[in-house]
Amino acid sequence: MAQRERQPNPSGASAGMPEVEVYSPVARAFHWIVLVLLVIQIPVGLVMAYRGNVLNVWDALTNNLYSSHKLLGVTILAIVLARLAYRLLHGAPADEPTLEWWQKAASHVTHWSLYGMLIVVPLLGWLGVSRYPALNIFGLFNLPGLVAPDKQAAEAFFFLHKALAIVLVLLIGAHVGAAMFHHFIRKDGVLTRMLPGLRRR
Ligand code: HEM
Ligand code: HEM
């Protein structure tokens, strides 16, 4: 299958080590594109909410940050849905062979929780702006409303949006920490399975 490339020791370890299956180029592209978009999306969300809710400054910059956050957020949602469809259709490489059973279980739980949060968090934001309603993007067009306007109910969606965005950030922290642990301390092939630019066959 296309996404299951065998890579003899992509970590560069000596011959005789078990072969490590790597993620396909498509799976790796999805992974790193979503990371780059989140690195923009989360700080934009924090800065705009600080300017709007704490400083109460509603100037062009704040409005443009809100528009950017909404537009990028629905873009991330669309990319993650495509990524999830790809994942469900094509599967993933077998677990790195040297992992303990509990490490495999923990990584599966974290990965599926990340997928879940990447869908639920933007959906909650979109539901919030549908309720408010604040669907306009840069004064150019409106996002489709998902539910009928109801300003009071919007607050509950924004609260959940923020709370689960924090959970998402904590999960990412654990995930990146685990990747670093595997690469620098355990020195196994886990990180290299997902790195861009591996040799193709
Ligand atoms: C993966 C995608 C997303 C992430 C990680 C994310 C993250 C965040 C974060 C960290 C905040 C700041 C919370 C705070 O400090 O109060 C925020 C606020 C907000 N987000 Fe998102 N967001 C995403 C998608 C969306 C989408 C798709 C929409 C709407 C279409 C949206 C609408 C909002 C709004 C309106 C606020 C401000 C809420 C308030 O003022 O209380 N977000 N988001
Ligand atoms: C510097 C940041 C990151 C590093 C070093 C990293 C590293 C990795 C590695 C090595 C894997 C493969 C794990 C395995 O072979 O079992 C992986 C998988 C995964 N990563 Fe990341 N990651 C990072 C950021 C992120 C972010 C920001 C997200 C999304 C919020 C994310 C979501 C995922 C998911 C969902 C998988 C599972 C893929 C699948 O099996 O379908 N990662 N990551």
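Because the structure is a prediction, the values reported are computed rather than measured.

**Some remarks on the overall build of the protein chain**
Next up, step 1: A count of helical and extended segments in the protein chain gives four helices and four strands.
Next up, step 2: Out of the 201 residues in the protein chain, the part that is buried amounts to 17%.
Next up, step 3: In the protein chain, once contacts between residues fewer than 6 apart in sequence are set aside, the share between residues at least 24 apart is 65%.

**Topic: the site of ligand 1**
Next up, step 1: As a matter of local geometry, ligand 1 sits amid 27 residues, with Gly45, Ala49, Gly73, Pro122 and Gly125 nearest to it.
Next up, step 2: Only helix 1 (25-54), helix 2 (60-90), helix 3 (101-131) and helix 4 (151-186) provide two or more residues apiece to the shell around ligand 1.
Next up, step 3: By residue number, the principal contributor to the shell around ligand 1 is helix 1, which donates eight residues.
Next up, step 4: The class makeup of the residues in the shell around ligand 1 is 16 nonpolar, nine polar and two charged.

**A few points about the site of ligand 2**
Next up, step 1: Taken together, the neighbourhood of ligand 2 is formed by 20 residues, with Ala92, His111, Leu114, Ala179 and Met194 sitting nearest.
Next up, step 2: The set of elements that each furnish at least two residues to the shell around ligand 2 consists of helix 1, helix 3 and helix 4.
Next up, step 3: The biggest single contributor to the shell around ligand 2 is helix 3, with five residues.
Next up, step 4: Here the shell around ligand 2 is built from residues that sort into 13 nonpolar, four polar and three charged.

**Looking at the environment of Val26**
Next up, step 1: Following the sequence through the fold, Val26 ends up in helix 1.
Next up, step 2: Under the C-beta neighbour-count criterion, Val26 is labelled partly exposed, with 15 such atoms within 10 Å.
Next up, step 3: Between the C-alpha atom of Val26 and that of Tyr86, which follows or precedes it by 60 residues, the distance is 8.7 Å.

**As for the packing of helix 3 against helix 4**
Next up, step 1: Contact geometry for helix 3 and helix 4: axes closest at 8 Å, N-to-C directions at 155°. Considered as vectors, helix 3 and helix 4 are oriented roughly antiparallel to each other. The hand of the helix 3/helix 4 crossing is left-handed.
Next up, step 2: Within the contact of helix 3 with helix 4, the residues separate by chemical class into 18 nonpolar, seven polar and two charged.

Quick notes on the rules
- Position numbers for residues count from 1 along each chain, tracking the sequence in the order it is written.
- Chains carry letters from A onward and ligands carry numbers from 1 onward, assigned in written order.
- Selection of residues for local features in this predicted model requires a pLDDT of at least 70, selection of side-chain atom pairs for listing and counting requires 80 or more, and totals for whole chains, interfaces and linings are taken over all residues.
- Numbering of helices and strands runs from the N terminus; a helix is a DSSP stretch of H or I covering at least four residues, while a strand is a stretch of E covering at least two.
- Exposed residues have 12 or fewer other C-beta atoms within 10 Å of their own C-beta, buried residues have 20 or more, and residues in between are partly exposed; the C-beta atoms are placed from the backbone.
- It is the C-beta atoms, placed from the backbone, that decide contacts: two residues are in contact if theirs lie within 7 Å.
- Any residue whose backbone-placed C-beta atom lies within 6 Å of a molecule or strand is treated as near that molecule or strand.
- Amino acids are sorted into nonpolar (Ala, Val, Leu, Ile, Met, Phe, Trp, Tyr, Cys and Pro), charged (Asp, Glu, Lys and Arg) and polar (every other residue, Gly among them).
- For every element, the axis is a line fit to its C-alpha atoms; helices are fit only across the contacting stretch, and the angle between N-to-C directions ranges from 0 to 180 degrees.
- Between 65 and 115 degrees an angle is taken as roughly perpendicular, under 35 as roughly parallel, over 145 as roughly antiparallel, and anywhere else as oblique.
- Here is the rule for handedness: rotate from the far helix to the near one, and if that takes an anticlockwise turn smaller than a right angle the crossing is left-handed, while a clockwise turn gives right-handed.

Read these as spatial facts, not as claims about activity.
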